[in-house]
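For reference, the chains in residue letters:
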Amino acid sequence: VAQATNNQIMITSTLNVMAQIYEKKNDFALAIQAAQQSIEVAKPLKAREYIKDAYKVIYEAYRKSNDEVKALQSFEIYIAYRDSLFNEENSQTIA
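Residues numbered from 1 in each chain as written. Predicted model: local features only at pLDDT ≥ 70, side-chain atom pairs only at ≥ 80, totals over all residues. Heavy atoms only, no water.

What follows is about helix α3 (residues 48-64). Compared with the 24 Å implied by 1.5 Å per residue over 17 residues, the 24 Å span of α3 between its first and last C-alpha is a close match. Within α3, the full set of buried residues consists of Ile51, Lys52, Ala54, Tyr55, Val57, Ile58, Tyr59, Glu60, Ala61 and Tyr62. Of the residues one or two after α3, Asn66 is the one with positive phi, at around 65 degrees. (Helix = DSSP H or I, 4+ residues; strand = E, 2+ residues; numbered from the N terminus. Expected span 1.5 Å × (residues − 1). Buried < 20%, exposed > 50% of the residue type's maximum accessible area, 1.4 Å probe, protein only.)

Glancing now at the pattern of salt bridges. Across all of its chains, the model carries seven salt bridges by this definition. In this structure, Arg48 engages Glu88 in a salt bridge whose closest nitrogen and oxygen atoms are separated by 2.2 Å. Taken together, the residues Arg48 in helix α3 and Glu88 in helix α4 (residues 68-94) connect sequence positions 40 residues apart. Arg82 is paired through a salt bridge with Asp83; the nearest N and O atoms lie 3.1 Å apart. For Arg82, a relative accessible area of 38% gives the class partly exposed. Overall, the relative accessible area of 31% leaves Asp83 in the partly exposed class. (Salt bridge = Lys/Arg side-chain N within 4 Å of Asp/Glu carboxyl O.)

Printed below as a string of structure tokens:
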């Protein structure tokens, strides 16, 4: 089970890197597609760091392609994950 989980983490990580590359190359459709695939793999694992990163790429891709509504929706989800992870880290540091 651990090996399967590690493989899934590697897959979501690779998809995030691919999404970032596509986004930097202004291939927004492929960036969004790779990021959404990453989210699908990461959600069952509760790999929130990877989900956060994927939503950031989706936000950037929609923003750069002038889709303000989807950009805002993606940004809000990204911020929710970012803040949740930040708060979790801070509460562990304090404890």
